[in-house]
Amino acid sequence: MNDDKDAKLIEVGRKLFARDWQFIWASPSIETLPPMAGLEIAFAGRSNVGKSSLINALTGRNALARTSHTPGRTQELIFFEVPGKTELRLVDMPGYGYAKAPKSQVASWTELIHKFLLGRASLARVYVLIDARHGLKEVDHEVLKTLDRSAVSYQIVLTKADQVKAAELAERIAETGVALAKHPAAFPDVLTTSSRSGSGMAELRAAMAKLLEERTK
């Protein structure tokens, strides 16, 4: 991709996320999902990886998605869209892995995540968020295997990149790329972001703008 195309997509992405994004729906179960409309892009990741903070940073809305220092706070599939604009929805998924909740409840959230990934025809892409300080864990690989089976394209986003030294971040990107070679449905390119500094947000918005452009031609 040339520089002009990159710049155009970054501008399209900026405009896409400068709109009035709002909460529209919360689903505690597959049976309560909203009717499908347009494309959906979901954000998955371990509890406390920063999904809500990333959605807030993307949309420039500090309180759009609920953030918490308590792992497992998001217990439902949370949907966001721009009123009157149904071509794109964002989905904040429950964090998987550790959560301060009964094991039965955590198991229920995990089942909800896997069912959604496998059965949602309007789901166009999943961004799997990985804490740049820690890298991929076994529980992440289980979710990647589910995505491989679901035929939904997905891409790794390293979060909290501002909290990692440059050399360590480069090493984390490289080792993540090696791991992704074993997952056929994964994008090989690894994105890096920081919700606090805003780094990487323009590129992530551009990637979503490109997907929307490709799918709506």
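Everything numeric in this text was worked out from a predicted model, so none of it was measured.

A few points about the overall build of the chain
Along the backbone of the chain there are six helices and seven strands. Over its C-alpha atoms the chain spans a radius of gyration of 16 Å, differing by no more than 12% from the 17 Å that the globule rule assigns to 217 residues. By residue count, 49% of the 217 residues in the chain fall in the buried class. In the chain, the proportion of contacts linking residues at least 24 apart, taken out of those at least 6 apart, comes to 74%. Accessible surface, the chain as shown: approximately 10,500 Å² in total, 52% of it carbon and sulfur. For the chain, the distance from the average site of its 30 positive side-chain charges to the average site of its 25 negative ones is 3 Å.

Some remarks on the sheet that holds strand β2 (residues 39–45)
Two orientations exist for strands paired in a sheet by backbone hydrogen bonds: parallel and antiparallel. Spatial ordering of the open sheet is given by β1-β3-β4-β2-β5-β6-β7, a layout of seven strands whose pairing is mixed. Every interior strand has two partners, whereas the edge strands, β1 (22–27) and β7 (191–192), have only one. The sheet contact formed by β1 and strand β3 (residues 77–82) spans five bridges and is antiparallel. Paired with F23 across the strands is F80, a residue of β3.

Some words on the packing of helix α1 (residues 3–17) against helix α6 (residues 201–215)
Taken N-terminus to C-terminus, the directions of α1 and α6 make an angle of 90°; their axes are 7 Å apart at the nearest point. Classified by the angle their axes make, α1 and α6 are roughly perpendicular. Taking contact as the criterion, the partners of K5, L9, I10, V12, G13, R14, L16 and F17 in α1 are, on α6, A202, R205, A206, M208, A209, K210, L212 and E213. Broken down by class, the residue content of the contact of α1 with α6 amounts to ten nonpolar, one polar and five charged.

Examining the pattern of salt bridges
The full count for this structure, using the stated rule, is 15 salt bridges. Here D20 makes a salt bridge to R61, at a shortest N to O gap of 3.0 Å. Of this pair, D20 sits in the loop between α1 and β1 while R61 sits in the loop between α2 (51–59) and β3, and the two are 41 residues apart along the sequence. Owing to a relative accessible area of 41%, D20 belongs among the partly exposed residues under this scheme.

Let's talk about the packing of aromatic side chains
Under the criterion given, the structure shown has four aromatic pairs. Relative to W21, the ring of F17 lies with its centre 5.3 Å away and its plane at 10°, an arrangement referred to as stacked.

A word on the side chain of K51
As for its placement among the helices and strands, K51 is situated in helix α2. Of the buried charged residues, K51 lacks a salt bridge, with D92 as the closest side chain of opposite charge at 4.5 Å. If we ignore the near neighbours within four places in the chain, the residues touching K51 are F43, A44, G45, R46, D92, M93, P94, G95 and L129.

A closer look at unusual backbone geometry
The phi angle of most residues is negative, glycine excepted, and most peptide bonds adopt the trans form. The phi angle at N48 is positive, at roughly 70°, despite the residue not being glycine. If you trace the backbone, N48 turns up in the loop between β2 and α2.

Details of α6
An α-helical turn contains 3.6 residues, so any two residues separated by three or four positions project in the same direction. The end-to-end C-alpha separation of α6 is 21 Å, in line with the 21 Å expected for 15 residues at 1.5 Å each. Residues of α6 that are buried: M201, L204, R205, A206, A207, M208, A209, L211 and L212.

Cut-off values and rules
Each chain has its residues counted from 1, running along the sequence as written. In view of the model being predicted, local features appear only for residues whose pLDDT reaches at least 70, and side-chain atom pairs are presented and counted only at 80 or more, with totals across whole chains, interfaces and linings using the full set of residues. Only hydrogens and water are removed before side-chain values are computed, so all heavy atoms of the structure are retained for them. Secondary structure elements are taken from DSSP: a helix is a run of H or I of four residues or more, a strand is a run of E of two residues or more, and numbering for both begins at the N terminus. Two things to know: the radius of gyration comes from C-alpha atoms, and the globule rule equals 2.2 Å times the number of residues to the power 0.38. When accessible area is computed with a 1.4 Å probe and restricted to protein chains, residues below 20% of their type maximum are described as buried, those above 50% as exposed, and intermediate ones as partly exposed. We call two residues in contact whenever any of their non-hydrogen atoms come within 4.5 Å of each other. Here the open area of atoms and residues is found with the Shrake-Rupley method and a 1.4 Å probe, where only the protein chains shown may cover a residue. Charge counting follows a simple rule: Lys and Arg are positive, Asp and Glu are negative, and His as well as the terminal groups are ignored. Taken as the charge centre is NZ of Lys, CZ of Arg, CG of Asp or CD of Glu, depending on the residue. Only strands that DSSP links by at least two bridges are regarded as paired with each other. Here an angle of 0 to 180 degrees is reported between the N-to-C directions of two axes, which are lines fitted to C-alpha atoms, with helices fitted over the stretch in contact. Throughout, the term roughly parallel applies to angles under 35 degrees, roughly antiparallel to angles over 145, roughly perpendicular to angles from 65 to 115, and oblique to all others. Think of it as three bins: nonpolar holds Ala, Val, Leu, Ile, Met, Phe, Trp, Tyr, Cys and Pro, charged holds Asp, Glu, Lys and Arg, and polar takes everything else, Gly as well. Here, a salt bridge means any Lys or Arg side-chain nitrogen found within 4 Å of an Asp or Glu carboxyl oxygen. For this analysis, a ring pair means two rings from Phe, Tyr or Trp (six-membered ring only for Trp) whose centres lie within 6.5 Å, classed as stacked if their planes differ by under 30 degrees, edge-to-face if by over 60, and tilted for the remaining angles. A helix is expected to span 1.5 Å for every residue after the first.

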